[in-house]
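# Tertiary structure, described
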Amino acid sequence: MTQTPAGGLTAAEVAERVRRGRVNDVPARSSRPVREIVRANVLTLFNGIMGTLFAIILVVGPIQDALFGFVVVANTLIGIVQELRAKRTLDSLAVVGEARPTVRRDGEPRAVPTSEIVLDDLIELGPGDKVVVDGRVVEADGLEIDESLLTGENDPVLKRPGDRVLSGSFVSAGGGAFQATRVGREAYAARLAEEATRFTLVNSELRNGIQRMLRICLTVMVPAGVGLVVSQLVVFNRTDTFGAIRRAVAGIVVMVPEGLVLLTSVAFAIGVVRLGRRLCLVQELPAIEGLARVDVVCLDKTGTLTEGGMDVAELRPLGDTARRLAGEVLGALGAADPRPNASLRAVIDAYPPPDGWRAVDTLPFSSARKYAGAALTAPDGRESVWLLGAPDVLLPSGHPQLVDIERLNAAGLRVLLLAGSARPLDAAPADVTPAALVILEQRLRPDAGDTLRYFAEQGVAAKVVSGDNAVSVGAVAAKLDLPGAGPGEAVDARDLTPEDLERATVFGRVTPQQKREMVGGLRAGGHTVAMTGDGVNDVLALKDADIGVSMGSGSAAARAVAQIVLLNNSFATLPSVVAEGRRVIGNIERVATLFLTKTVYSVVLAVVVIATAVPYPFLPRHLTLLSTLTIGVPAFFLALAPNTARARAGFVPRVLRLSVPFGLIAGAATIGVYLLARAHYGAGAATREAETSAATLTLFLIALWVLGIIARPLTGWRILLIAAMAAAFALVLLVPGLQHFFALRLAGLLLPWTAVAAAVAAGALIELSYRHPWPTRRRPPRRAGSRLTRRYGRTRRRTPGSS
């Protein structure tokens, strides 16, 4: 392969490669294609069951008994529409947050979408940039590539011209350029991620719990359904085969929690849309749920608590160094770095490049080193080595100058040391000569204090984890009234102990590897950890946290591994994400209890019907009416209502702890009234409508009571919702046309009032079981270990390119 000229490809060469298909055409799979959305919502197990039963009823029964089929169709359409809305939101936000690498074409650098890179393009690299295609290095200026996302090795690799770079890695220090040698599906990360997709519900406790519930439902549905079909055919003994089939179908339909998966998907989809309006890109749907469970959030100071920009407040020469010389050296250092970080940008703004100074060699800033440097030639021809970085790293412990620096740090100022060195640039700093202190003022984010207070009120511990001086970080946190950020409470991570990890709130001088270890230590201690950051030094911790949150203006590497990207760069958006997650989890738990209660009482009815050899109490139309008024419509509103309750583990046990006793009581009371009605009315075909009506009234009142419990606290709109459902049922019982349509007509006074009394008694038992629920076994918390001295367990790996 010929080397591309330093000026890059020409427009004609690019067009020729596009014609040959040598373009980086791997689609950004930011959301599921439309066909997958339709297929996932239509081709489900329960849709197959309900569709089969719907077809049977269309053959053997009137249209009234096929209403459940139209409800299933409506539910499916709602799910498709909501997910398509979420897709549009996700795709539009993904375009906003997409990395745009810089390529050289026609001698000029330009930012292009990754999909427009062609073979042999020259792509420039700087700190935090993601390597988007495979290539070969042609220029390197202290270029260090972190390949940990691909290989698991944490140490950056120094790259020289001719070395290979792989897509999915990122620049940890230095800069350079590489020639694209493999694009599209031939690139390394693309091959690994060919089957990977974003925006799935994998590893979601909520989704996994619902799948467990559906498996339980399916396990009891099969034998109960078979037994019900056989029993009804035996009971009717060919006198009314179609009637037997209709009642058997009714018993099976009511067991299916057909709306549970739908409402879960709708709740997540609407959550994505709501967060999208706040410019919050959710790269993995479980992140909405996961952040609601977080009890520790680790914050990187720069870019999170403080704005990215800084200002030089003072230049303080040291020793015999002249202020003019210090300013010229700072200007030369700034001019020598093509990709300055925030600190160096502040220096460049204050000290423009001086005349006559030239950089012979440069050492880019690295988060691990904590300093940068350059070998400079002065106007008079003299060469000297200068370093700029953290004073407590460049100076030995106990140096008298550190005392003054500590005082400045305690005031919340950031201090850099300009020092001369007699050693080569690539040697470890030793025997440096302090020349000047560069004192920087950091800009606090105006909304950071309110956000920290929100987390404190919600019981979420905030820990500030920064590579800056611990005292300086503590002073910044103290200005925001963060608990545990007082004088002397900040911890220097170079002396970190496992006990400090739980006790302390503010940590300084934390290396990228230590950030990862601290996240692992907190997780091993039983915490659910979120990590926020925007720099390349945060990538390892973002990758290993339960939830990684990156700023939209952060490095491409940070955005690639984060599950949530705040495109508006506002830390204040996080409470909205937490609130959305709590709304989803809390409301789905309410809804799941309603659906599982229905499944339990339907099984009770089926078992008793099989055991007593009586006709099933209901026709499909009755159960469609009951399900719509006590579950379907209310569940839709409840699933989308505000909910600020903190998410807890144990979703499935809590749902079963309520739904099982609720369902048992409802089923027993309903079948009891039905058997009494058969004895009272004479158990003939002529009285079957009256028997069914009594049982329907009983079950509706009990289900309405359950709804009243699940909807608590009973705010005004929730009371109105329950009253509306009761009024709709009363309308069916009172309007002759609706009575005929639903085959409901109460006969006499004794059995209807007996049904009301039985429902009240059952409601009292349900209330008792709600107030005194069955005890559940608690899992012991995970033991805290020390990842400061060893690696904790296994860490989660993400496929490159799938984020």
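Residues numbered from 1 in each chain as written. Predicted model: local features only at pLDDT ≥ 70, side-chain atom pairs only at ≥ 80, totals over all residues. Heavy atoms only, no water.

Counting secondary structure elements, the protein contains 27 helices and 21 strands. The proportion of buried residues among the 803 residues of the protein is 57%. Of the contacts formed within the protein by residues at least 6 apart in sequence, a portion of 73% connects residues at least 24 apart. (Helix = DSSP H or I, 4+ residues; strand = E, 2+ residues; numbered from the N terminus. Buried < 20%, exposed > 50% of the residue type's maximum accessible area, 1.4 Å probe, protein only. Contact = heavy atoms within 4.5 Å.)

It is worth spelling out the sheet that holds strand β8 (residues 280–282) at this point. Note: strands within a sheet are paired through backbone hydrogen bonds, in either parallel or antiparallel orientation. On the basis of which strands lie adjacent, the open sheet formed by eight strands has the order β8-β21-β20-β19-β9-β16-β18-β17 and mixed pairing. Both edges of this open sheet fall to β8 and β17 (491–492), since each of them pairs with a single strand only. Here strand β19 (residues 529–533) runs beside strand β20 (residues 547–551); their pairing, made up of four bridges, is parallel. Among the inter-strand pairings, M531 is bridged to a residue of β20, identified as G548. (Pairing = 2+ DSSP bridges.)

Bringing the packing of helix α24 (residues 688–710) against helix α25 (residues 716–734) into the picture now. Running from amino to carboxyl end, α24 crosses α25 at an angle of 170°, the nearest separation of the two axes being 10 Å. The orientation of α24 relative to α25 falls into the category roughly antiparallel. Facing α24, whose interface residues are T696, L697, F700, L704, L707 and G708, α25 presents I722, M725, A726, F729 and L733. Partitioning the contact of α24 with α25 into residue classes produces nine nonpolar, two polar and no charged. (Axes fitted to C-alpha atoms, helices over the stretch in contact; angles between N-to-C directions. Parallel < 35°, antiparallel > 145°, perpendicular 65-115°, else oblique. Nonpolar A, V, L, I, M, F, W, Y, C, P; charged D, E, K, R; others polar.)

Tracing the backbone shows Q514 in helix α18 (residues 512–524). Taking relative accessible area as the criterion, Q514 reaches 16% and is therefore assigned buried. With residues near it in sequence (within four places) discarded, Q514 still touches A493, R494 and R509.

The next thing to look at is the pairing of strand β16 (residues 461–465). Burial analysis of β16 places four of its five residues in the buried class, which makes it a mostly covered element. In terms of strand pairing, strand β9 (residues 296–299) meets β16 through four bridges, oriented parallel. In the sheet register, C298 faces β16, and the bridge partner there is K463. In this structure, β16 lies alongside strand β18 (residues 506–508), joined through two bridges in parallel fashion. Each residue of the ladder has a partner; that of V465, found in β18, is F507.

A separate point is the pairing of strand β3 (residues 122–125). Neither face of β3 is exposed, since L122 and E124 on one face and I123 and L125 on the opposite face are all buried. With two bridges connecting them, strand β1 (residues 102–105) and β3 associate as antiparallel partners. What sits directly across from V103, in β3, is I123.

Quick look at the packing of aromatic side chains now. Inspection of every chain in the model, using the stated rule, returns five aromatic pairs. Taking 6.2 Å as the distance between ring centres and 70° as the angle between the ring planes, the aromatic pair formed by Y616 and F618 counts as edge-to-face. Ring geometry for F700 and F729: centres 4.0 Å apart, planes at 10°, overall stacked. You can see F700 sitting in helix α24 and its partner F729 sitting in helix α25, a full 29 residues away along the chain. For the pair shown, F700 and F729 are each scored as buried. (Phe/Tyr/Trp six-rings, centres within 6.5 Å; stacked < 30°, edge-to-face > 60°.)

The subject of this paragraph is the side chain of T630. When you line up the elements, T630 lands in helix α22 (residues 620–639). For T630, the side chain forms a polar contact with the main-chain oxygen of L626, separated by 2.6 Å. The contacts of T630, once residues within four sequence positions are left out, are L594, F700, A703, L704 and L707. (Polar contact = N/O pair within 3.5 Å; in protein donor to acceptor, adjacent residues only side chain to side chain.)

The next point concerns the packing of helix α3 (residues 45–60) against helix α7 (residues 205–236). Think of two packed helices as two axes; the pair is described by the angle between the axes and how far apart they sit. Across the interface, α3 lies against α7 with an axial gap of 12 Å and an inter-helix angle of 35°. Viewed along their axes, α3 and α7 form a crossing whose handedness is left-handed. Every residue of α7 that contacts α3 at L45, F46 and I49 is listed here: L214, L218 and M221. Of the residues belonging to the contact of α3 with α7, the class tally is six nonpolar, no polar and no charged. (Left-handed = near helix turned anticlockwise from the far one by under 90°.)

With respect to the helices and strands, the residue Q458 is situated in the loop between α15 (448–457) and β16. Classification of Q458 by relative accessible area gives partly exposed; the value is 23%. Along the backbone, Q458 and V578 are 120 residues apart, and their C-alpha atoms lie at a distance of 9.8 Å. Every residue in contact with Q458, bar those within four places of it in the chain, is listed here: R582, T644 and R646.

Moving on to the environment of P33. You can see P33 is positioned in the loop between α1 (11–19) and α2 (34–42). P33 gets classed as partly exposed once you look at its relative accessible area, which sits at 21%. Linking P33 and L84, residues 51 residues apart in sequence, is a C-alpha distance of 9.3 Å.

Summary statistics for the protein give a mean pLDDT of 82 and a share of 90% for residues scoring 70 or more. Contacts from residues 193–202, a stretch scored under 50 in pLDDT, to residues over four places away or in other chains number 31 contacts. (pLDDT = per-residue confidence, 0-100.)

This paragraph deals with the pattern of salt bridges. Throughout the structure, instances matching the rule amount to 25 salt bridges. The shortest N-O distance in the salt bridge between R104 and E124 comes to 2.8 Å. With R104 in strand β1 and E124 in strand β3, this residue pair connects regions lying 20 residues apart in the sequence. Side by side, R104 and E124 carry an identical accessibility label, which is buried. Two residues, D404 and R407, come together in a salt bridge whose shortest N-O distance is 2.1 Å. Residue D404 and its partner R407 are both found in helix α14 (residues 401–410); the two are separated by three residues, about one turn of the helix. In this structure D404 comes out as partly exposed when scored by relative accessible area, which is 28%. Linked by salt bridges that have partners in common, E16, R17, R20 and D120 make up one network. (Salt bridge = Lys/Arg side-chain N within 4 Å of Asp/Glu carboxyl O.)

Here we come to unusual backbone geometry. A cis amide bond links R712 with the next residue in sequence, P713, at an omega value of 0°. Here D106, not a glycine, exhibits a phi torsion of approximately 55°, which is positive. Examined against the element boundaries, D106 turns out to sit in the loop between β1 and β2 (108–111). Relative accessible area serves as the criterion here: at 42%, D106 is assigned to the partly exposed category.

On to the environment of I37. Within the fold, I37 resides in helix α2. Separated by 42 residues in the primary sequence, I37 and G79 place their C-alpha atoms 9.0 Å from one another.

Now for a nonpolar patch on the surface. Residues V34, V38, V42 and L43 make up a contiguous nonpolar surface patch of roughly 320 Å² in combined accessible area. Assignment of secondary structure puts L43 in the loop between α2 and α3. (Patch = residues over 30% accessible without salt bridge, like charges linked within 9 Å, V, L, I, M, F, W, Y side chains within 5 Å. Areas by Shrake-Rupley, 256 points an atom, 1.4 Å probe, with all protein chains shown as cover.)

Glancing now at the nonpolar core. Counting residues in each nonpolar core, the largest one holds 127 residues, and the members touching the most others are L291, I564, F571, Y616 and F651. Per-element accounting of this core gives the leading share, 15 residues, to helix α21 (residues 574–612). Counting residues in hydrophobic clusters, the runner-up holds 24 residues, among them V329, A342, L344 and A374. (Core = buried A, V, L, I, M, F, W, Y, C linked by side-chain atoms within 4.5 Å.)

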